[in-house]
Amino acid sequence: MKILFMILIILLAFFCLYFYCIMPRLSRKKEAQAFLHHLFAHRGLFTKDQSIPENSMAAFANAVEHGYGIELDIQLTKDKQLVVFHDHTLTRMCGIDLPVCEMTYEELQKYTLGNTEEKIPLFKDVLELVDGKVPLLVEIKLPTLRTYTCQAADALLQNYRGQYCIESFNPLALRWYKKHRKDVVRGQLSANLTKPVTEAGFLLSFLVKYLLLNFIGRPDFIAYCYTDTQNVSFILNKCLWHTPTFAWTVRSQAVLEKYRSKFDSIIFDGFIPVHKHSV
């Protein structure tokens, strides 16, 4: 009987710890509402053939013109400039295998995005272009333990008059906002990161996949790959705490119709949604 009691105590402690780890922040639900029921153009409203390339000034202008929210990616250059670019290297978009973080902004300007005249933009120039016309979903690329990217982004965004929220795969980015900018709505990005295992390694990929590091940053919303939502921690967040959920990345009208009722907001690319602007 004593052994059974001890097992029950251990199981109870385990489940309490698990629920503590995956919990979102519960105090900013009203503020998060401003970003729900939106369609966010993934890396701007770029074209499938990249004639308007992703994360370009042209793509952001196109999204503004069509009235879509914008999802974009920011990272630091060698000279501490914030640029809008997704990959860690220039290989895919610029055709040369050089890491963004080891280049200055001036050096980056030698290269164009694909076969266009568009170049990698500064985050501050994108903010000036958008100017509050549509909501922004800012993904912070944070491949290290250093969080200066968050500080640099916040320095620009404090003077921005439009609506924005932040998201990141790295819980340390959310922790920075939890500590320094509690008023900013923040989201945890995730997916089935263990198939295949990401460059972060199995353990960290596993923890983020199952939202077990939510206690670090206490996200206001979860942005999850729409194909991976059988995840128990995602389901518990959605059903138990009614955590707002964003789907990424939807690439057809058929998929949008299938998942629009299952998520609060949709991040899309590669097509123009039939029902514009909202989910």
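Residues numbered from 1 in each chain as written. Predicted model: local features only at pLDDT ≥ 70, side-chain atom pairs only at ≥ 80, totals over all residues. Heavy atoms only, no water.

As annotated in an unreviewed UniProt entry, the protein carries the name Glycerophosphodiester phosphodiesterase and is attributed to Candidatus Blautia pullistercoris.

**Student:** Which residues make up the environment of Leu129, and what values go with them?
**Tutor:** Within the fold, Leu129 resides in helix 6 (residues 123–130). Taking relative accessible area as the criterion, Leu129 reaches 29% and is therefore assigned partly exposed. (Helix = DSSP H or I, 4+ residues; strand = E, 2+ residues; numbered from the N terminus. Buried < 20%, exposed > 50% of the residue type's maximum accessible area, 1.4 Å probe, protein only.)

**Student:** How would you sum up the pattern of salt bridges? Please name residues and give values.
**Tutor:** Applying the stated rule across the entire model yields 14 salt bridges. Close ionic contact of Arg25 with Asp220 constitutes a salt bridge, the shortest N to O distance being 2.7 Å. With Arg25 in the loop between helix 1 (2–22) and helix 2 (29–32) and Asp220 in the loop between helix 10 (214–217) and strand 7 (221–225), this residue pair connects regions lying 195 residues apart in the sequence. Overall, Asp220 belongs to the buried group, its relative accessible area being 3%. (Salt bridge = Lys/Arg side-chain N within 4 Å of Asp/Glu carboxyl O.)

**Student:** Now, about the packing of aromatic side chains: what can you tell me, with residues and values included?
**Tutor:** Aromatic ring pairs are described here by two measures, namely the spacing of the ring centres and the angle between the planes. Enumeration according to the criterion identifies 16 aromatic pairs in this entry. Seen in terms of ring centroids, Phe19 and Trp241 are 6.2 Å apart; in terms of plane orientation they differ by 75°. Their pairing is edge-to-face. Here Trp241 lies in the loop between helix 11 (232–240) and strand 8 (245–250) and Phe19 lies in helix 1, a separation of 222 residues in the sequence. Owing to a relative accessible area of 28%, Phe19 belongs among the partly exposed residues under this scheme. Relative accessible area serves as the criterion here: at 13%, Trp241 is assigned to the buried category. Here a set of aromatic residues connected by ring pairs shows up, and it is made of Tyr224, Tyr226, Phe234, Tyr259 and Phe263. Over the ring of Tyr20 we find Arg218; its NZ or CZ atom is 4.6 Å from the centre of that ring. The side chain of Lys262 reaches across the aromatic face of Tyr259, ending 5.1 Å from its centre. (Phe/Tyr/Trp six-rings, centres within 6.5 Å; stacked < 30°, edge-to-face > 60°. Lys NZ or Arg CZ within 6 Å of the ring centre and 35° of its normal.)

**Student:** Just give me the short version of the UniProt feature "transmembrane region" (unreviewed entry) in the protein, but keep the residues and values in it.
**Tutor:** Mapped onto this numbering, the UniProt entry annotates "transmembrane region" (unreviewed entry) at residues 6–23. Note that residues 6–23 is 94% helix and 0% strand, and that its end C-alpha atoms are spaced 26 Å apart. (UniProt positions renumbered as here; feature names shortened; annotations may be inferred.)

**Student:** Can you explain the side chain of Asn214? Please cite residues and give values.
**Tutor:** Positionally, Asn214 belongs in helix 10. On the basis of relative accessible area, Asn214 is assigned to the buried category, the value being 1%.

**Student:** Lay out helix 11 with the relevant residues and their values.
**Tutor:** If you check which residues of helix 11 are buried, you get Ser233, Phe234 and Asn237. Down the axis of helix 11, the buried set is contained in an arc of 105°. They therefore lie on one face. Where helix 11 is buried, its residues touch helix 1, helix 10, strand 7 and strand 8. Looking one or two places after helix 11, you find His242, whose phi comes out positive at around 55°. (Arc of directions from axis to C-beta. Contact = heavy atoms within 4.5 Å.)

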